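Read off the chains here:
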Amino acid sequence: MDLEQAAGFVLEEGKRYGIDSFDLIATDSEDIGIEVFKGRIVSTETSRSRGVGIRVLNNSRPGYSYSERFSKEALSQMVRDAMDQTEITDPLDMELPGPKPLAEVDLKHYNPALEKLDFAWMREQGLALDHASWESDKRVENVPHVGVGKSSTQSLIANSKGVFVKKESNVAYLGTGLVVAEGDIKKMGSYYRSGRDISQFDPSYIAKEAAYRGTELLGAKPLPSGVYTIVLGNRISPQIFGMFSSPYFADAVQKGSSRLVGKLGNEVASPKLSIYCEAHTPDYPGSRLVDAEGIPTSARTKVLENGILKSYLYNLESAKKDNVLPTGHGVRSYSGRAGTSFSNMIVPLGDKTRDELLASDSHCILVTKLEGGAGCSAVSGEISIGVQGVYYKNGKPEHAVDRITMNTNYFDLLHKIQGISNEYSDSYSSIKVPDILISEIHVAG
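As recorded by an unreviewed UniProt entry, the protein chain carries the name TldD/PmbA family protein and is attributed to Leptospira selangorensis.

A. Expanded view of the domain arrangement of the protein chain. Annotation of the protein chain at the domain level lists domain 1 (3–215), domain 2 (220–241 + 349–444) and domain 3 (247–345). Computed from C-alpha atoms alone, the centre-to-centre distance between domain 2 and domain 3 is 25 Å. On the domain 3 side, the residues contacting the 18 residues of domain 2 number 18 residues. Ranking the residues of domain 2 by area buried against domain 3 places Phe411, Tyr428 and Ser430 at the top, with a combined share of 29%.

B. Structural view of the pairing of strand β5 (residues 164–182). Note that strand β4 (residues 140–159) and β5 share 16 bridges and pair antiparallel. Residue pairing across strands places Gly149 opposite Tyr173, the latter belonging to β5. The antiparallel pairing of β4 with β5 creates a hairpin that spans four residues between the two strands, and Gly162 there sits at a positive phi of about 110 degrees. One ladder, built from eleven bridges, connects β5 with strand β6 (residues 185–195); its direction is antiparallel.

C. Representation of the packing of helix α1 (residues 3–16) against helix α2 (residues 72–85) in the model. The N-to-C vectors of α1 and α2 enclose an angle of 45 degrees; their axes lie 10 Å apart at closest approach. Our classification of the angle between α1 and α2 gives oblique. For the pair α1 and α2, the sense of crossing is right-handed. Here Ala6, Phe9, Val10, Glu13 and Arg16 of α1 lie close against α2, whose contacting residues are Lys72, Leu75, Ser76, Met78 and Val79. A per-class count over the contact of α1 with α2 returns six nonpolar, one polar and three charged.

D. Looking closely at the packing of aromatic side chains. Applying the stated criterion to the full structure yields eight aromatic pairs. Plain terms: the ring middles of Phe241 and Tyr410 are 6.1 Å apart, the flat faces sit at 85 degrees to each other, and that makes the pair edge-to-face. Residue Phe241 is found in helix α5 (residues 237–243), and its partner Tyr410 is found in helix α9 (residues 410–413); the two are separated by 169 residues along the sequence. Across this residue pair, the class does not change: Phe241 and Tyr410 are buried. Relative to Tyr410, the ring of Phe244 has its centre 4.6 Å away and its plane inclined at 5 degrees; by these criteria the two rings are stacked.

E. Structural view of the side chain of Glu305. In this fold, Glu305 is placed in strand β9 (residues 301–305). There is a polar contact of 3.4 Å between the side chain of Glu305 and the side chain of Lys302. Excluding anything up to four places from it in sequence, Glu305 contacts Leu273, Ser274, Tyr276 and Lys310.

F. Representation of the nonpolar core within the structure. Judged by nonpolar contacts, the single largest core of 52 residues is most densely connected at Phe241, Tyr248, Leu273, Ile275 and Ile365. Shared between two domains, this core takes at least three residues from each, and those domains are domain 2 (220–241 + 349–444) and domain 3 (247–345). For Ile365, the contacting residues outside a window of four places in its chain are Leu223, Tyr228, Thr229, Ile230, Val231, Val390, Tyr391, Val401, Ile404 and Val443.

G. Representation of the environment of Leu437 within the structure. By secondary structure assignment, the location of Leu437 is in strand β19 (residues 436–444). Considered as a pair, Leu437 and Lys272 are 165 residues apart in the sequence and their alpha carbons are 11 Å apart. Look past the residues within four positions of Leu437 in its chain and what remains in contact with it is Thr229, Ile230, Val231, Leu357, Ser360, Cys364, Lys416, Ile417, Gln418 and Gly419.

H. Geometry of the sheet that holds strand β18 (residues 431–432). If you walk across this open sheet you meet the five strands as β10-β9-β8-β13-β18, and the pairing is mixed. The sheet terminates laterally at β10 (308–309) and β18, the two strands that pair on one side only.

I. Main features of the UniProt feature "domain: Metalloprotease TldD/E central" (unreviewed entry) in the protein chain. According to UniProt, the "domain: Metalloprotease TldD/E central" (unreviewed entry) feature falls on residues 124–214. The distance separating the terminal C-alpha atoms of residues 124–214 is 25 Å; by composition the span is 26% helix and 55% strand.

J. Spatial organisation of the pattern of salt bridges. Across all of its chains, the model carries 22 salt bridges by this definition. The salt bridge partner of Glu13 is Arg16, with a shortest N-O separation of 2.9 Å. Placement of the pair is Glu13 and Arg16 together in helix α1, with a separation of three residues, close to one helical turn. On the basis of relative accessible area, Glu13 is assigned to the buried category, the value being 6%. Judged by its relative accessible area of 55%, Arg16 falls in the exposed class. Two residues, Glu182 and Arg139, come together in a salt bridge whose shortest N-O distance is 3.6 Å.

Rules and cut-offs
Residues numbered from 1 in each chain as written. Predicted model: local features only at pLDDT ≥ 70, side-chain atom pairs only at ≥ 80, totals over all residues. Heavy atoms only, no water. Domains from an automatic or database assignment. Contact = heavy atoms within 4.5 Å. Buried area = accessible area lost by both parts, 1.4 Å probe. Pairing = 2+ DSSP bridges. Helix = DSSP H or I, 4+ residues; strand = E, 2+ residues; numbered from the N terminus. Axes fitted to C-alpha atoms, helices over the stretch in contact; angles between N-to-C directions. Parallel < 35°, antiparallel > 145°, perpendicular 65-115°, else oblique. Left-handed = near helix turned anticlockwise from the far one by under 90°. Nonpolar A, V, L, I, M, F, W, Y, C, P; charged D, E, K, R; others polar. Phe/Tyr/Trp six-rings, centres within 6.5 Å; stacked < 30°, edge-to-face > 60°. Buried < 20%, exposed > 50% of the residue type's maximum accessible area, 1.4 Å probe, protein only. Polar contact = N/O pair within 3.5 Å; in protein donor to acceptor, adjacent residues only side chain to side chain. Core = buried A, V, L, I, M, F, W, Y, C linked by side-chain atoms within 4.5 Å. UniProt positions renumbered as here; feature names shortened; annotations may be inferred. Salt bridge = Lys/Arg side-chain N within 4 Å of Asp/Glu carboxyl O.

Written out as structure tokens, the structure is:
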């Protein structure tokens, strides 16, 4: 069976067994790619994964099951397994939606031309990028990773009330990771381009950008411990904000695992900061017209505006608990239970350049690299993380820095934001955050 046939069979089985209410999510994805090392193809990969998962509500009692086999026997057993669970689970106060009109927006998630890309194209691009990486800078000592590939995905959401939405998406990528050296100092630089417009895949540019990201950190040394003004570069700020997305989810608030409990309508950040969820932006990977539970999405959900907490993000279950309408932010894989997520987290652009932000204080650290995230907790907000970057004095770069640790709290950091730049990074990401200027950050040298 293909995806639609499998979904249709499960819908019929659910009706045949007289299930009160149920929904399903199904996906079928294929990934192909190669790795290149020193002018040779060292790895090729083709992988395919597909599955369908059902959520059953019998007398409001939930049951979950999934299958990665699309035979009638396996899918019928999946339905029965979910039904069996409803005999022991507690009632779940939730109502599945019926079909509703979706926004007429082309999200540009599928480019038919990408389906024609084959291993020959990947070999050509990979060898060109490998060569360009070695030639990008005389300090390049090794190019341990060059990767080229593409992925294609079909997904389908359906339920017993008539919702049936199918989506196709694909994407290609090309990137390199290289080691640069100066004396005994070695640094890693990497850069990837992803998306659907392969005219932007210039091996020479990708190699030079990767080399720059490594060489800018050569000669790095620590700074004395103290309190500094920092600028989170626009490659790094999305990582920090992404680590702390869950406090805005209603289910985290309801479980008491968010510091934003009871903060709706209150000032929780600098007036300079707004955070929006923009689900209808074309060619953004998090864009969607309907969430994983069949709820139509909105073009923009104001989560934080001018420092004021405007809304939590809801799925069906958390919305029912608060007696509000769901916001269309339910997520679910075929093998998991429903959760909550941003569909594109967007911090609007500011009106300053990065250089203007860096010149705003006599001593400033531009953070361009994070070293892990084990010291970060979305529940407490604590941030203790190693960083690398460049130390600026009076707006001019002095030297690269490493072996320093940024110690702060996310919820305090939000109040210390002094400026936002007018530029996003060019990464293909569902989190877009410009450079962020933050005052009074403790740095351990």
